[in-house]
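Listed below are the residues making up each chain.
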Amino acid sequence: MTAAARAYEEGLKLSAQGQHALAIERYEQALAQTPDDTRVLFALGNTARSLGLARPAEEFFRRVLALEPQRLEALINLANLLRSQGNFATAEALLAPALNSNPGSAELWMTMGSILRETGNSAKAVELYREALAHKPNYPQALGNLADLLADDGEIEEALAL
């Protein structure tokens, strides 16, 4: 195992233990040796986000996407990060092309639905949660979000049936 791979693995273990600052140190060691390793960049993005470091997290996710434009988990994490900062239009603009090229991704439909829900477009969010469930029928987040919206709209029986 290379030193970079060892540092990455140690970073994963530290992050899983909640030792995010130490994990970042290990990831940075790995990145110094392999600057385009998207696994390390992605882990750095997630760890920075866990520490509330939005700007570095965004930069790491964008670097992953520059190297691997089709990496949906990085795109979804970036969109959720932007959403958490109130940058709904930017998050939506990132997701729209991905939905067109990956219409079978329940996670993309769910994330876009959440953006629309938070911007007040509940009716469209319901449609998107249903689309997510069409691709992944037992998707817990989509089921929960859809049930919440249906209950808010007075559709209690349908919400409970989910």
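Everything below is about the structure printed above this text.
Because the structure is predicted, anything quoted here is derived from the model rather than measured.

## Notes on the nonpolar core
Among the nonpolar cores identified, the biggest contains 53 residues, and Tyr 27, Val 40, Leu 44, Leu 95, Leu 108, Ala 132 and Tyr 139 are the most heavily contacted of them. Leaving out residues up to four positions away in the same chain, Leu 108 has contacts with Leu 72, Leu 75, Ile 76, Leu 95, Ala 98, Leu 99 and Asn 102.

## What to know about the pattern of salt bridges
Throughout the structure, instances matching the rule amount to 11 salt bridges. Arg 71 is the partner of Glu 73 in a salt bridge, and the nearest nitrogen-oxygen pair spans 2.7 Å. Judged by relative accessible area, which is 15%, Arg 71 ranks as buried. For the salt bridge of Glu 158 with Arg 130, the shortest nitrogen-to-oxygen distance reads 2.6 Å.

## Some points on helix H9 (residues 140-152)
A rise of 1.5 Å per residue sets the reference length of H9, with its 13 residues, at 18 Å; its end C-alpha atoms lie 18 Å apart and thus fit the reference within 8%. Here H9 has its buried residues at Ala 142, Leu 143, Asn 145, Leu 146, Ala 147, Leu 149 and Leu 150. Elements in contact with the buried residues of H9: helix H7 (106-118), helix H8 (122-135) and helix H10 (156-161). One or two steps after H9, the chain reaches Gly 154, where phi turns positive at roughly 85°.

## A few points about the environment of Ser 122
By secondary structure assignment, the location of Ser 122 is in helix H8. Linking Ser 122 and Leu 149, residues 27 residues apart in sequence, is a C-alpha distance of 7.0 Å. Excluding anything up to four places from it in sequence, Ser 122 contacts Leu 116 and Leu 149.

Conventions we followed
Residues numbered from 1 in each chain as written. Predicted model: local features only at pLDDT ≥ 70, side-chain atom pairs only at ≥ 80, totals over all residues. Heavy atoms only, no water. Core = buried A, V, L, I, M, F, W, Y, C linked by side-chain atoms within 4.5 Å. Buried < 20%, exposed > 50% of the residue type's maximum accessible area, 1.4 Å probe, protein only. Contact = heavy atoms within 4.5 Å. Salt bridge = Lys/Arg side-chain N within 4 Å of Asp/Glu carboxyl O. Helix = DSSP H or I, 4+ residues; strand = E, 2+ residues; numbered from the N terminus. Expected span 1.5 Å × (residues − 1).

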